[in-house]
Amino acid sequence: MVSKTTTVPLGLRVEGLNHGYMIGGTYTSVLENIDLTVAPGEFVALLGPSGCGKSTLLRLVAGLEPPRSGRMFADETPITGPGPDRIVMFQDPTLYPWRTVRRNVALGHDIAGRPNDAVISDAIALVGLSGFENAWPHQLSGGMAQRVALARALVNDPRLLILDEPLGKLDSLTRLTMQTELSRLWRDRGFTALMVTHDVEEALLLASRVIVFSPRPARVIADLPITLPPHRHRDDPRLLGLRKDILMQLGHSEDW
Amino acid sequence: MTAAPTSVAFDGPARRSAPVTRPSWRSLLPWAAGPVWIIAACVTWRWPDADDFPDTTLLAGLFLAGGLVLLLAAALHRLSARAPWAIALGVGLAAWEIAQAKLLWLPRPFFGTPQDLLDVFVTDWRKLGDSLLHSLALLVVGYTIGSLVGIAVGVGLGRSVRFRYWVQPVIRLIGPLPPVALLPLAFVLIPSSRVASEALMSLAAGFPVAILTWSGIAAVDPAYYDVARTMGARGRFLVLRVALPAATPQIFVGLFMGLGASFAMLVVAEMLGVKSGLGFYMQWAQGWAAYPNMYAALLVMSVMCTGLMTLLFRVRDHVLKWQKDGLKW
Ligand SMILES: Nc1ncnc2c1ncn2[C@@H]1O[C@H](COP(=O)(O)OP(=O)(O)OP(=O)(O)O)[C@@H](O)[C@H]1O
Ligand SMILES: [Mg+2]
């Protein structure tokens with residue numbers, strides 16, 4: 001599988017972040033006064049209702065948009081733009097339709113001018129798509145496209161991996177496999193991970209810390225360290241207890 | 001009571017046999033094409049001409065050769081889909097031969113015989129071929145320059161605000177003008193009529209290419225840029241490896257429109273200024289009332305145009321092989 005390169009994980013600090021958009025002529029606040037510190041090597045899961053601003057926060061951290069106000073640091077260096085040490089896997093796969101699966105996964109290498117066929121093949125195998133290297137994106141299912149997008153992010157050896165609902169389009173069985181793979185990759189490679197998910201159980205299985213956001217405009221309403229052992233079982237009573245707490249924070253009380 | 005099941009049982013095989021009879025008559029069709037051409041050859045050869053036409057024997061020989069080739073194709077099973085066309089073409093040529101060469105129904109010299117047309121190729125092939133080469137050279141230079149400049153301008157319009165500020169008004173002013181309108185001016189301003197025509201052909205091709213490249217690049221999903229930017233891509237990569245490939249389907253629409261526009265420009269330029277090429281040949285033929293020569297030049301020109309279109313379609317099919325489907329030429 002993917003060679004065991006030890007990555008130097010990135011620390012992330014966000015201070016007083018505010019952001020919003022003009023929607024239909026009026027300003028809509030999306031992020032309000034977000035403070036967040038992610039230690040190097042942490043796996044942080046972000047939970048929050050749909051449309052609260054999770055993807056927006058990830059875009060800002062990735063440097064794809066400047067915030068309206070507030071400061072962001074990657075290892076004490078101010079974030080002013082995108083950088084290849086912070087790789088994003090977007091909510092939509094957005095594969096390039098004019099590149100085959102293999103060429104899509106190789107995108108980061110093409111940009112850096114450092115081709116490495118072995119790494120590409122390993123990443124494709126890791127997401128279970130060996131044999132589809134030469135397929136065109138329109139020939140893939142939604143879940144397969146999402147796995148290609150994951151491979152495309154992984155081959156860049158990121159120091160901070162930013163994941164926006166990375167497994168959202170997968171069927172439950174593939175999702176279990178990919179969760180295990182993600183968890184193993186994180187432990188093996190030691191990058192920092194920031195992952196948005198809608199699945200509380202997924203957050204609890206993978207993350208070392210779970211942050212819950214309020215409805216838009218997003219504010220941090222809970223910040224829970226998950227001190228469970230690395231190999232977690234979804235029936236673990238502690239995990240079930242945490243799950244209930246978080247669902248309560250998200251506004252579901254009795255029905256779960 | 002038992003009648004119904006029995007009839008069903010009989011229906012089955014009867015229905016199944018229907019597709020068997022149909023192919024058997026379809027499969028005879030390719031074998032009909034060769035004989036049609038051979039009959040056309042006999043008619044041409046044996047039926048005396050209404051006047052003293054050249055090359056009657058050669059024409060009959062060509063029909064015969066065509067018939068033999070079609071028979072060979074039928075034997076090699078290479079004719080099935082094209083058989084109806086081969087038959088229709090043979091019938092059409094025979095009808096033309098009978099109507100004009102044997103019965104002389106239509107007034108000469110505006111309507112020629114197949115012999116007349118053939119005679120042009122036999123006696124004047126050198127000049128026709130020369131004209132074709134001149135036209136091709138003019139077209140290829142003008143169209144290639146126009147397309148490349150058009151793509152570059154389109155990228156500029158799509159990606160740079162300042163470029164758009166300065167160039168867009170110019171394009172709006174001269175783009176919609178038919179380039180033919182600039183021909184008199186160009187012949188005055190540019191001493192070489194050849195260079196003037198090439199410039200106008202570039203303009204004719206460049207305008208649609210630029211507009212469609214622009215619209216293609218403007219329509220690129222911004223998420224495509226985000227994906228590359230998060231991996232550290234900068235301007236050059238974003239333009240050449242993201243924007244251009246994403247806009248390629250649109251660019252090809254522009255290239256097709258530009259090719260048509262430069263055909264038109266080519267013919268007009270050759271008729272009005274350039275002293276060579278198929279347009280000039282046609283003009284010359286008209287001046288001498290040599291109508292068969294005009295038909296021959298028209299035929300060569302249409303073969304040239306359709307050949308270039310086919311070539312462009314081939315290139316497009318290769319470049320856009322990642323697309324799910326595409327129009328077939
Ligand atoms: N480019 C944009 N222009 C205008 N409004 C935007 C833009 N991007 C996001 N928004 C708005 O910001 C808000 C938050 O969007 P965001 O995509 O961050 O939500 P999210 O938390 O990721 O939701 P989901 O879980 O459904 O993906 C939404 O109300 C959306 O309308
Ligand atoms: Mg989102």
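Residues numbered from 1 in each chain as written. Chains lettered and ligands numbered in written order. Predicted model: local features only at pLDDT ≥ 70, side-chain atom pairs only at ≥ 80, totals over all residues. Heavy atoms only, no water.

Further remarks concern the overall build of chain B. Tallying secondary structure elements over chain B gives 12 helices and zero strands in all. Helices and strands appear in chain B in the N-to-C order α-α-α-α-α-α-α-α-α-α-α-α. Its C-alpha radius of gyration of 28 Å places chain B more than 25% over the 20 Å reference for a compact globule of 329 residues. Taking the principal axes of its C-alpha atoms as reference, chain B extends roughly 80 × 75 × 30 Å. Restricting the contact set of chain B to residue pairs at least 6 apart, pairs at least 24 apart contribute 72%. Counting only carbon and sulfur atoms, one obtains 71% of the accessible surface of chain B, whose full area is about 18,600 Å². Charged side chains in chain B number 26 positive and 16 negative. The centres of these two groups are separated by 16 Å. (Helix = DSSP H or I, 4+ residues; strand = E, 2+ residues; numbered from the N terminus. Rg over C-alpha atoms; globule rule 2.2 N^0.38 Å. Contact = heavy atoms within 4.5 Å. Areas by Shrake-Rupley, 256 points an atom, 1.4 Å probe, with all protein chains shown as cover. Lys, Arg positive; Asp, Glu negative; His and termini not counted. Charge placed at Lys NZ, Arg CZ, Asp CG, Glu CD.)

Attention now moves to the layout of surface pockets. Residue and element names in this part refer to chain B. Taken as a whole, the second largest pocket encloses approximately 240 Å³ of empty space. Lining the second largest pocket are 15 residues, with Val153, Ile171, Leu203, Gly206 and Phe207 sitting closest to its centre. Those elements giving two or more residues to the lining of the second largest pocket turn out to be α5 (114–159), α6 (161–174) and α8 (193–218). Along the lines of polarity and charge, the residues of the lining of the second largest pocket split into 10 nonpolar, five polar and no charged. (1 Å grid on protein atoms, 1.4 Å probe; cavity = no way out; pocket = protein on both sides within 12 Å on 5 of 7 lines; lining within 4 Å. Points joined across faces, edges and corners; volume = space filled by probe spheres on them. Nonpolar A, V, L, I, M, F, W, Y, C, P; charged D, E, K, R; others polar.)

Counting across every chain of the model gives nine aromatic pairs over all chains. Here the aromatic rings of A:Tyr96 and B:Tyr224 are separated by 5.3 Å at their centres, their planes lie at 80°, and the arrangement is edge-to-face. Of this pair, A:Tyr96 sits in the loop between β6 (86–89) and α2 (101–105) while B:Tyr224 sits in helix α9 (residues 222–230), each in a different chain. On the basis of relative accessibility, which here comes to 0%, the residue A:Tyr96 falls in the buried class. Aromatic pair B:Trp37 and B:Phe63: ring centres 6.0 Å apart, planes at 85°, arrangement edge-to-face. A residue pair is termed long-range when its members are at least 10 positions apart, and B:Trp37 in helix α2 (residues 29–46) and B:Phe63 in helix α3 (residues 56–75) qualify at 26 residues. The class for B:Phe63 is buried, based on a relative accessible area of 4%. An aromatic cluster of at least three residues, connected via ring pairs, comprises A:Tyr96, A:Trp98, B:Tyr224 and B:Trp322. Here the guanidinium or amino end of B:Lys127 rests over the ring plane of B:Trp284, the centre of that ring lying 3.3 Å away. (Phe/Tyr/Trp six-rings, centres within 6.5 Å; stacked < 30°, edge-to-face > 60°. Buried < 20%, exposed > 50% of the residue type's maximum accessible area, 1.4 Å probe, protein only. Lys NZ or Arg CZ within 6 Å of the ring centre and 35° of its normal.)

Residues and elements named next belong to chain A. Across the sheet, six strands lie side by side as β6-β7-β8-β3-β9-β10; this open sheet has mixed pairing. The two strands at the open ends of the sheet, each matched to only one other strand, are β6 and β10 (220–225). Adjacent strand axes in the sheet meet at a mean angle of 15° when their direction is disregarded. As paired elements, β6 and strand β7 (residues 160–164) share four bridges and run parallel to each other. Paired with isoleucine 87 across the bridge in β7 is leucine 161. (Pairing = 2+ DSSP bridges. Axes fitted to C-alpha atoms, helices over the stretch in contact; angles between N-to-C directions.)

All right, on to the coordination of the magnesium ion (ligand 2) then. Residue and element names in this part refer to chain A. Coordination of the magnesium ion (ligand 2) by the protein comes from Ser55 (OG) and Gln91 (OE1), over a distance range of 1.9 to 2.3 Å. One end of the pair, serine 55, is in helix α1 (residues 54–62); the other, glutamine 91, is in the loop between β6 and α2, with 36 residues separating them in the sequence. Accessibility expressed as a relative area gives 25% for serine 55, which makes it partly exposed. (Donors = N, O, S within 2.8 Å, 3.2 Å for Na, K, Ca; no water.)

Moving on, we get to the sheet that holds strand β4 (residues 69–74) of chain A. Residue and element names in this part refer to chain A. Reading across from one edge, β2-β1-β4-β5 is the order of the four strands in this open sheet, with antiparallel pairing throughout. In this open sheet, the two strands that pair with only one neighbour each are β2 (26–38) and β5 (77–78). The sheet contact formed by strand β1 (residues 12–23) and β4 spans five bridges and is antiparallel. Bridged to valine 14 within β4 is methionine 72.

Let's shift gears to the UniProt feature "transmembrane region" (unreviewed entry) in chain B. All names here are of chain B. Here the UniProt-annotated "transmembrane region" (unreviewed entry) positions come out as residues 28–47, 59–76, 83–105, 136–158, 170–190, 202–225, 246–274 and 294–313. Secondary structure content for residues 136–158 is 100% helix and 0% strand, and the end C-alpha separation is 32 Å. Taken end to end, residues 170–190 comprises 57% helix and 0% strand; its first and last C-alpha atoms sit 21 Å apart. (UniProt positions renumbered as here; feature names shortened; annotations may be inferred.)

With that settled, the discussion passes to the pairing of β4(A). The two faces of the sheet receive side chains in turn, since in a regular strand these alternate between them. Residue and element names in this part refer to chain A. Strand direction decides the pairing type here: β4 and β5, joined by two bridges, are antiparallel. Across the sheet, residue phenylalanine 73 finds its bridge partner in β5, namely proline 78. Taking the residues that link successive antiparallel strands as the turn, the β4-β5 hairpin has two residues, and the phi of aspartate 75 there is positive, at about 50°.

Residue and element names in this part refer to chain A. Lining the immediate surroundings of ligand 1 are 14 residues, of which Ser50, Gly51, Lys54, Ser55 and Thr56 lie closest. With respect to ligand 1, the backbone of cysteine 52 contributes an N or O atom lying 3.3 Å from an oxygen atom. Protein chains shield 67% of the accessible area of ligand 1, which is 630 Å² for the free molecule. Among the elements of the structure, β1 and α1 are those that each provide at least two residues to the shell around ligand 1. (Near = heavy atom within 4 Å. Polar contact = N/O pair within 3.5 Å; in protein donor to acceptor, adjacent residues only side chain to side chain.)

All right, on to the domain arrangement of chain B then. When cut into domains, chain B gives domain 1 (27–112) and domain 2 (125–319). Between domain 1 of chain B and domain 2 of chain B, the C-alpha centre-to-centre distance is 39 Å. (Domains from an automatic or database assignment.)

This part takes up the nonpolar core. Judged by nonpolar contacts, the single largest core of 142 residues is most densely connected at A:Leu46, A:Leu194, A:Val210 and B:Val242. Here this core takes 16 residues from helix α10 (residues 235–272) of chain B, the largest share from any one element. If you look at the next biggest cluster of nonpolar residues, it comprises 15 residues, including B:Ala41, B:Phe63, B:Ala74 and B:Ala86. (Core = buried A, V, L, I, M, F, W, Y, C linked by side-chain atoms within 4.5 Å.)

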